[in-house]
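# Summary of the model geometry
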Amino acid sequence: MELHFEKAFAQLAPELWNGVGIVVYITVLGFLFSLVVALLLAIGRLSRSKIVRGTLVTLIEIVRGTPLLVQFFYLYYVVPVLLSALAGLFGAHVSIQLEPVTCGIIGFAINYGAYLSEVIRSAIVAIDPGQREAGLALGFSESQVLFGFIIPPALRNSVPVFGNYLVMMIKDTSLLAMISVQELLLRTKAFASQTFMTVEAYTILAGVYLAISLPLSQVVKVLERRLAKSR
Amino acid sequence: MAMIDLKNLSKSFGDLEVLRDINIQVDRGEVVVVIGPSGSGKSTMLRCINLLERPTSGQVLFQGEDVSALKGRAVPLYRHEVGMVFQRFNLFPLKTVLENVTAAPIKLRRMPRLAAREEALELLRKVGLESKANAYPSTLSGGQQQRVAIARALAMHPEVLLFDEPTSALDPELVGDVLEVMKSLANEGMTMVVVTHEMGFAKDVANRVIFMDEGYVVEEGTPQQIFSNPSNDRTRGFLARVL
């Protein structure tokens, strides 16, 4: 077997470089939105209303109980049909379509939002109840205490876990190849089938993922140690 | 009119009766020290005063007004007047010492930042920690943290300060500094209700000592009466064990 890594790399690298741009774009937006979703879910689950809590738990379980890939397919193929049908009910005959990249961002926001909400919730629960009492005793209201003295340290304590999920999300962008997002895997696949440099192409692809995620994991570890020290 | 007037106060957690028909009055400028074995309801009584616990029955009068029925936004407003110092300090770990002290006046009393800062530094000087203004709580000793907690409570200019075993979580050598600060507050005329096991403090500083056991006020009187000539067997038994 003859391998041509140099040649493969020279041709594939520019392709992958463009793919990295898309991956970063989707990950940054997807992660930010997932944090917002997670925070809203976590706060909602502190609600006194049993109905609110029950609804949120059900939603979270549905999201966590189905594969991310299936959710991407659902957003890409099913949701536009449902939305079009819904618009039809109101007399608007339109054909709604969602961009694959948009589906990716929304899918990540929902899926990671569900998982991260559990992270934030347990971090909130883990904050010493004395913090709440101290805030209340000073004359802060329950919501001022929550947003002023409970959520900030809870989020801060969650940062290392957030970091791990961020690295996971970057790798999960490869699933988006299945709904035709021009990310790294899809570009590599196209390249491999055109040039027959299969071994080279996928090895380089794996290397690129490692080159992104290993340093990032190290950053997370350093962050974790710093946070633990200054508490 | 009494500053605080607890009338027939009872508190149960489920089947557990923690406070039974408590009647306590605290006048302006008075230092009342509450002693008793653990589980006697001292802390719960204190927490009923600032409504961290809601009484099951009875009234909490503050300057003549029944606060035990307060709802909604009236509760935090009432708490502006009643400061509390906790056994475990409960400083905000992500804020500096100074920020711990200024947070409430800035946010709740709408005090300008600079003025709040000036006043906080003044309070920190009073508790001997001006030099730690920019330190984080985790870098301070327990005794220092507790003194910051006292300054934090004072920053709201409360009418009365509640102390919930303020020295119980401290190493013995750190207790003195905290008691010193409390003593000077008492000398300045601060109204204080202090739950403590520091009998020396009770003898020296209290105007009145209350002995609680099993949810009842068993005996109350001047430190002289309680420590030298307790009338109740249970008080005698307790004092024999702790003194």
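Everything numeric in this text was worked out from a predicted model, so none of it was measured.

### Digging into the sheet that holds strand β4 (residues 57–62) of chain B
All names here are of chain B. Taken together, 4 strands build an open sheet; the order of strands is β2-β1-β4-β5 and the sheet is antiparallel. The sheet is open, and its two edges are formed by β2 (16–26) and β5 (65–66), each paired on a single side. Contacts from helix α1 (residues 42–49) reach β1 (4–13), β2 and β4, with the element oriented near 120° to β1.

### Re the packing of helix α1 (residues 5–44) of chain A against helix α7 (residues 184–195) of chain A
Residue and element names in this part refer to chain A. The geometry of α1 relative to α7 is characterised by a closest axis approach of 8 Å and an angle of 155° between their N-to-C directions. One way to sum up the angle between α1 and α7 is to call them roughly antiparallel. Where α1 crosses over α7, the two elements pack in a sense that is right-handed. Residues A8, Q11, L12, E15, L16, N18, G19, V20, I22 and V23 of α1 pack against L184, R187, T188, F191 and T195 of α7.

### Remarks on empty space enclosed by the protein
With a probe scaled to a water molecule rolled over the atoms, the places where space remains empty come into view. Applying the stated criterion to the full structure yields 1 cavity of 30 Å³ or more. If you add up the space inside the largest cavity, you get close to 80 Å³. Lining the largest cavity we find 13 residues, and of these A137 and L138 of chain A together with G83, M84 and A153 of chain B sit closest to its centre. Grouping the amino acids of the lining of the largest cavity by side-chain chemistry returns 9 nonpolar, 2 polar and 2 charged.

### Focus: the interface of chain A and chain B
Contacts between the two partners involve 19 residues from chain A and, on the opposite side, 23 residues from chain B. For the chain A and chain B pair, buried surface summed over both sides reaches about 1700 Å², with 68% attributable to carbon and sulfur atoms. Of all residues in chain A, E133, A137 and L138 of chain A give up the largest surface area on contact with chain B, accounting jointly for 34% of the area buried on that side. Between the two partners, chain A and chain B, sit 1 salt bridge. With a shortest N-O distance of 2.8 Å, E133 of chain A and R47 of chain B are connected by a salt bridge. On inspection of chain A and its partner chain B, the count reaches 4 residue pairs in polar contact (both at pLDDT 80 or more). When residues of the side of chain A that touches chain B are traced back to their parent elements, those giving at least two are α5 (129–138) and α6 (142–172) of chain A. Considering each element in turn, the side of chain A that touches chain B owes the most residues, 8 residues, to α5 of chain A.

### Structural notes on the packing of aromatic side chains
A ring pair, where both rings are aromatic, is described by two values, the distance of the centres and the angle of the planes. Residues and elements named next belong to chain B. For the coordinates displayed, the defined rule picks out 9 aromatic pairs over all chains. With centroids separated by 5.2 Å and ring planes inclined at 35°, the aromatic side chains of F211 and F238 adopt a geometry described as tilted. Placement of the pair is F211 in strand β9 (residues 208–213) and F238 in helix α9 (residues 233–242), with a sequence separation of 27 residues. On the basis of relative accessible area, F211 is assigned to the buried category, the value being 0%. The exposure class of F238 is buried, given its relative accessible area of 3%. The lysine or arginine in question, R152, covers the ring of F92, its NZ or CZ lying 4.6 Å from the ring centre. Sitting over the ring of F227, K203 keeps its end group 5.4 Å from the ring centre.

About the criteria used
- Residues numbered from 1 in each chain as written.
- Chains lettered and ligands numbered in written order.
- Predicted model: local features only at pLDDT ≥ 70, side-chain atom pairs only at ≥ 80, totals over all residues.
- Heavy atoms only, no water.
- Pairing = 2+ DSSP bridges.
- Helix = DSSP H or I, 4+ residues; strand = E, 2+ residues; numbered from the N terminus.
- Contact = heavy atoms within 4.5 Å.
- Axes fitted to C-alpha atoms, helices over the stretch in contact; angles between N-to-C directions.
- Parallel < 35°, antiparallel > 145°, perpendicular 65-115°, else oblique.
- Left-handed = near helix turned anticlockwise from the far one by under 90°.
- 1 Å grid on protein atoms, 1.4 Å probe; cavity = no way out; pocket = protein on both sides within 12 Å on 5 of 7 lines; lining within 4 Å.
- Points joined across faces, edges and corners; volume = space filled by probe spheres on them.
- Nonpolar A, V, L, I, M, F, W, Y, C, P; charged D, E, K, R; others polar.
- Buried area = accessible area lost by both parts, 1.4 Å probe.
- Salt bridge = Lys/Arg side-chain N within 4 Å of Asp/Glu carboxyl O.
- Polar contact = N/O pair within 3.5 Å; in protein donor to acceptor, adjacent residues only side chain to side chain.
- Phe/Tyr/Trp six-rings, centres within 6.5 Å; stacked < 30°, edge-to-face > 60°.
- Buried < 20%, exposed > 50% of the residue type's maximum accessible area, 1.4 Å probe, protein only.
- Lys NZ or Arg CZ within 6 Å of the ring centre and 35° of its normal.

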